Structures are given as C-alpha cells and as structure tokens.
Amino acid sequence: MEKIVIDGGRPLRGTIHCDGAKNAALPILIATLLAPGEHRLTNVPELADTSSTLSLLGRMGCPSLVHDDALRVDATRIAFCEAPYDVVRKMRASVLVLGPLLARCGEAKVSLPGGCAIGTRPIDQHLKGLEALGCRFELSGGYIHGIAPALKGAEIHLDMPTVTGTENILMAAVLASGTTRIHNAAREPEVTDLVRFLRTLGAKIEGDGTSTLTIEGVSRLTPASRPYSVVGDRIEAGTYLCAAAITGGDVEVTGCDPALLESTVAKLREAGCTLTVGEQSVRLQRDTPLQAFNARTEPYPGLATDMQAQLMSLACLARGTSRIEETIFENRFMHAAELTRMGADVQHTGRIATVVGVPTLQGAAVMASDLRASAALVLAGLASEGLTEVLRIYHLDRGYHDLVGKLRGVGARIARTSDAITDRSELSAALDAAA
Ligand code: EPZ
C-alpha cells in the first residue's frame, strides 16, 4: 500500500485548480440511469469513487468511456437492477441507485450500506420518501429489495435535510405521475447541480437551493443534446485554502464558484487570513499569526461538515482556544487523536472539540481514518517541523485527484511512497526524487 510523506514548514505559493465536485459527480453519473441513450459529461473528477461508480454502472449494463474530452455513459439498457455488497461497502453513495432503478425499472436490489468511520449513517429517510412515492421494500440477507409498480407523486417531509436522501427521492420523483414536494430538502450546491442536470434530461423541478423541491413527474427522460459540466468542488477548494492558511502562504484556488464557499471564507477570515474573491477563484494570503475561532458545522449554507477536520488542523496552530462543534455526524473527530500525536492539544467529548493552539507541530507517522480526516493530517504535516507520514491514503484517493501533485505545484515538499519504506534517508530520497 502507499503512504504520503511530507517534509513540512514551507509556505505554499502559487495557483491550484480544483476539479469537479465528487459529491455532485456521483449522483449525476447515477442519474444517467433515468434516461435511455448516451450521456456526455465534462469536469467529472478522476477519483476512486467516480471509477467505482462507473464500474457499478458497467456491471448494470451501462458502459462508459472517455471520448473527445467528454465522459460518455451509455444508459440505453439496464441489464441488472442491483448494487452488490462488495461495491456498496466501499462506497455508500451507491445507495443512490435506488431512486433511478425504481423509477426506470420498477425494482431495485441494493446492499444496505452499513455504518462507516464517521457514523451509523442510516438511510431511513431515503426509504420513507421512496415508500411515500409507492415503493415497497423488504430486507433480506443484508439487501433491500424494492418494488415500485407505479410511482405516484406525494408530499414528503424529511426529518433532516439529508443530502443523498433528497437526491434519491428526487431521482424517483422525476418519473412519478403527478406532483411531488420534498420538504426540508437539502440545499447543498451538489443537490442543485443534480437538479440542473436532471432538467437537461427534461425533468420538471422547481425550488433548487431552497428547502422545498417541487417536481412535476414526466413519462420519460432523454439524454441532453450537449455535454453537462459538473460544478467545481467547494470542499476541495476549501481544503487547499486551508493548506495556504496553515503554512502562512499565498495561494489562489481556481475552478470553483466562490459563492459556494462563503461560510469557509468567513471562517478563514476570522482565523486571521486575507481572502480575495474573484469570478471563479479565491486567493488566500497569511503573513500574521493564526487566530483561534469557534466553528459549528451545519447543513448548507452553514459551515460544511466536510470542512471540519481541515479547520481543526488550522486551529491546532492558532493563538488561543478554539471550540468546534460537529452537529451532522456523531463520530467525526477521528483525526483529533492523530493530531495530538503531532503535538496538538485537542480534547473532545461528544460533538464538541476544544483545541488549545500550540506554537508548533512535530512531524509523525499518522493514520488516516476517513476522507476528510486524511486531508486534515496532510495539512498538519505541511505545517509541521520534520517528516510526517500519512498512512492508509486510499481514503484520500476517494475524494482528491492528484493532491500530492497539486501541493507540490505550490512548493510543498511531498511525495507518495510505498508504506514499506521507513528509513528516513530513503524517505528523504523519495522526496528529492519527487521534487
Ligand atoms: C453527503 O453524505 C456527502 N456524501 C457527505 O460527504 C457529507 O458529509 C454529507 O452529505 C453531509 O453534507 C455524498 O454526497 C456522496 P446526510 P450523506 O444524509 O448524504 C443522518 C465526504 O466527505 N441521516 O446528509 O450520507 C445521517 O446519519 C462525504 O465527501 C439519517 O439519520 O449525509 C447524518 O447524521 C462524507 N437518516 C445526517 O443525517 C437518513 O436516512 C446527514 O447525513 C439519512 C441521513
């Protein structure tokens, strides 16, 4: 397996371009199942999760290939209406096939996703909404079997603004007869991007960006005549802004609409950084000490839970004590113990973490536990004295394309190596070779 090695302490300077958003690309790729024919997509990020999604579509009879700079997905025929355990256990977003399969094929067999490092992550709201549309489910052998002879529009009230729950129900409702209203719907930009994509297929949806989505069902959907471009990744953008902040650098991040980053930009300003917002770019400069801040994650447009770990790394080196509250997931502080091993002072009970800033962090071998925790450990390594090794970086590859190359491009001394290399001179040689 591979690991990342970092020789920290270098301020990052330059420009980083963000790719398309993972959490928009996944539902949009799966939404192609709704419309028979060939779909063309651009700005789809090259990630482990997008490859997993394309291989799942392939196993269902919908092959894909890249041609003329567009990703083409052929959803003409669906041979298997199933998302098997070996796929879902690696990528829980595969449960998003439920809505499209029930809408197009009238049936679906999907492995229950189970929990993950950051929480139990049930899908009761997905099932409640789909049942309101007329689906019937039974659970056997760890799989949910859904049957939907005829989907009918309904009033659906979600208990919480679940992102993929909203997306699953939305993708079924677009082909249901009559009107569906989803109340307390998620407002994340990735949900809005899915709505925009569905509209290009002929779906009739109102209310994107608000808490109520109104869908007028149609009898069939067809692939768009032009390629659809996936929205830029606001979490990737926020992560690289944090890299500039934690190293005291000057980095411009391009490829993402700054309007989608407002809560992160505000928090970074509070932490003592100077941020300049452009058309499709945000620049962060920091040449004064980081200041402690309080942060509370919330559904969009609040501060994204997917930015919490990265901001915690920043707080470790800020002057004063920061308080971070994680309101979305029950176990999303796994990075705290690893940061402590680098010299940070982080205590947490339940959903509240208290971070007392320290003058420096020391490089160490640390273990990634989930996608954003891995990013947080890389950020801490970039600002630490000495070598940091981040293990289990398969977590990172799920959501960040070429993170090492992008960071090296702005001056980081960073490389990917085999996790069998432990000798310091060999690690330094790997860093020299990558420079
Ligand atoms: C999406 O996960 C994202 N994943 C997550 O990104 C993100 O952290 C999360 O939304 C919150 O923004 C994708 O879009 C593929 P939720 P999702 O349903 O949809 C509870 C990353 O790092 N809940 O909005 O699974 C749930 O347990 C990943 O890119 C129920 O109780 O999140 C959680 O506490 C991590 N029942 C809360 O709601 C349900 O039926 C929000 O979860 C559904 C959710």
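Residues numbered from 1 in each chain as written. Predicted model: local features only at pLDDT ≥ 70, side-chain atom pairs only at ≥ 80, totals over all residues. Heavy atoms only, no water.

Colleague: Describe the overall build of the chain, and please don't skip the residues or the numbers.
Modeller: Along the backbone of the chain there are 15 helices and 24 strands. Its C-alpha atoms give the chain a radius of gyration of 22 Å, within 12% of the compact-globule value 22 Å for 435 residues. Counting only C-alpha atoms, the chain reaches 60 × 45 × 40 Å along its principal axes. Relative to its full complement of 435 residues, the chain shows a buried share of 56%. Expressed as a percentage of contacts within the chain between residues at least 6 apart in sequence, the contacts between residues at least 24 apart total 72%. Working note: accessible area of the chain is about 16,700 Å², and carbon and sulfur atoms make up 49% of it. If you average the places of the 43 positive and of the 49 negative side-chain charges in the chain, the two averages end up 2 Å apart. (Helix = DSSP H or I, 4+ residues; strand = E, 2+ residues; numbered from the N terminus. Rg over C-alpha atoms; globule rule 2.2 N^0.38 Å. Buried < 20%, exposed > 50% of the residue type's maximum accessible area, 1.4 Å probe, protein only. Contact = heavy atoms within 4.5 Å. Areas by Shrake-Rupley, 256 points an atom, 1.4 Å probe, with all protein chains shown as cover. Lys, Arg positive; Asp, Glu negative; His and termini not counted. Charge placed at Lys NZ, Arg CZ, Asp CG, Glu CD.)

Colleague: Would you mind going over the site of the ligand in detail, with residue names and values included?
Modeller: In the region of the ligand, 20 residues are neighbours, and Gln125, Thr162, Thr164, Asp306 and Ile328 sit closest. One of the side-chain N or O atoms of Asp124 is found 2.8 Å from a nitrogen atom in the ligand. Taking Ile328, its main chain carries an N or O atom lying 2.6 Å from an oxygen atom of the ligand. Within the complex, 88% of the 820 Å² of free accessible area of the ligand lies under protein. (Near = heavy atom within 4 Å. Polar contact = N/O pair within 3.5 Å; in protein donor to acceptor, adjacent residues only side chain to side chain.)

Colleague: Break down the environment of Ala31 for me, citing the residues and quoting the values.
Modeller: Summarising the element assignment, Ala31 is placed in helix H1 (residues 22–31). Among the residues examined, Ala31 registers a relative accessible area of 0% and is labelled buried. It is 8.5 Å that separates the C-alpha atoms of Ala31 and Phe197, two residues lying 166 residues apart in sequence.

Colleague: Got a sec to walk through the environment of Ala237? Specific residues and values, please.
Modeller: Relative to the assigned elements, Ala237 resides in helix H8 (residues 234–247). Sequence separation between Ala237 and His395 is 158 residues; the distance between their C-alpha atoms is 18 Å. When sequence neighbours within four positions are dropped, the list of residues in contact with Ala237 reads Cys18, Val253, Cys256 and Leu261.

Colleague: Lay out the sheet that holds strand E22 (residues 365–367) with the relevant residues and their values.
Modeller: In a beta sheet, neighbouring strands pair by backbone hydrogen bonds and run either parallel or antiparallel. Pairing in this open sheet of four strands is mixed, and the strands run E22-E23-E1-E24 from one edge to the other. With one partner strand each, in any of the chains shown, E22 and strand E24 (414–418) form the two edges of the open sheet. Neighbour to neighbour, the strand axes of the sheet diverge by 25 degrees on average, direction disregarded. Packed onto the sheet, helix H15 (residues 424–434) meets strand E1 (2–7), strand E23 (387–391) and E24 and runs at close to 125 degrees relative to E24. (Pairing = 2+ DSSP bridges. Axes fitted to C-alpha atoms, helices over the stretch in contact; angles between N-to-C directions.)

Colleague: Before we move on, can you summarise empty space enclosed by the protein with the specific residues and values?
Modeller: Summary: where empty space remains is shown by rolling a probe the size of a single water molecule over the atoms. Under the counting rule described, the total for this entry stands at four cavities of 30 Å³ or more. Roughly 50 Å³ of volume is contained in the largest cavity. If you go around the largest cavity, the residues you meet are Arg234, Ile235, Leu260, Leu261, Ser263, Thr264, Tyr300, Ala304 and Met307. Of all the secondary-structure elements, those providing two or more residues to the lining of the largest cavity are H8 and helix H9 (262–270). (1 Å grid on protein atoms, 1.4 Å probe; cavity = no way out; pocket = protein on both sides within 12 Å on 5 of 7 lines; lining within 4 Å. Points joined across faces, edges and corners; volume = space filled by probe spheres on them.)

Colleague: Can you tell me about the pattern of salt bridges, naming the residues and giving the values?
Modeller: Across all of its chains, the model carries 23 salt bridges by this definition. Among the ionic pairs, Asp7 bridges to Arg413, the shortest N-O distance being 3.0 Å. A residue pair is termed long-range when its members are at least 10 positions apart, and Asp7 in strand E1 and Arg413 in the loop between helix H14 (403–408) and E24 qualify at 406 residues. When the shortest N-O distance is used, the salt bridge between Arg341 and Glu338 registers 3.6 Å. Highlighted residues: Arg341 and Glu338, both in helix H11 (residues 334–341), separated by three residues, approximately one helical turn. We classify Glu338 as buried; its relative accessible area is 14%. Put simply, Asp7, Arg10, Arg413 and Asp432 are held in one network by salt bridges that share partners. (Salt bridge = Lys/Arg side-chain N within 4 Å of Asp/Glu carboxyl O.)

Colleague: Lay out helix H2 (residues 48–59) in plain terms, naming residues and giving numbers.
Modeller: Look at H2: 16 Å from first C-alpha to last across twelve residues, which is about the 16 Å you get at 1.5 Å a residue. Taken as a whole, H2 has its buried residues at Asp49, Thr50, Thr53, Leu54, Leu56 and Leu57. Axial view of H2: buried residues confined to an arc of 155 degrees, hence all on one face. Looking at the buried side of H2, the elements it contacts are H1, strand E4 (64–67), strand E5 (70–74), strand E6 (82–83) and helix H3 (85–88). (Expected span 1.5 Å × (residues − 1). Arc of directions from axis to C-beta.)

Colleague: Talk me through the pairing of strand E9 (residues 143–147); I want residue IDs and the actual numbers.
Modeller: Both strand E7 (residues 107–111) and E9 contribute to a ladder of five bridges, which runs antiparallel. From the neighbouring strand, Glu107 faces E9, where its bridge partner is Ile147. Across five bridges, strand E8 (residues 136–140) lies against E9 in antiparallel orientation. Each bridged residue has a counterpart across the sheet, and for Glu138 the counterpart in E9 is His145. The turn linking E8 back onto E9 is made up of two residues, and Gly141 within it adopts a positive phi angle of 60 degrees.

Colleague: Can you break down the domain arrangement of the chain residue by residue, with the values?
Modeller: Taken domain by domain, the chain comprises domain 1 (2–19 + 232–434) and domain 2 (22–229). On a C-alpha basis, the centres of domain 1 and domain 2 stand 31 Å from each other. If you look at the interface, domain 1 gives 23 residues, while domain 2 gives 20 residues. When domain 1 packs against domain 2, close to 1,800 Å² is buried across both sides, 53% of that on carbon and sulfur atoms. At the junction of domain 1 with domain 2, the criterion picks out two salt bridges. Counting across the domain 1 and domain 2 interface gives seven residue pairs in polar contact (both at pLDDT 80 or more). For the side of domain 1 that touches domain 2, the per-class residue count stands at eight nonpolar, five polar and ten charged. (Domains from an automatic or database assignment. Buried area = accessible area lost by both parts, 1.4 Å probe. Nonpolar A, V, L, I, M, F, W, Y, C, P; charged D, E, K, R; others polar.)

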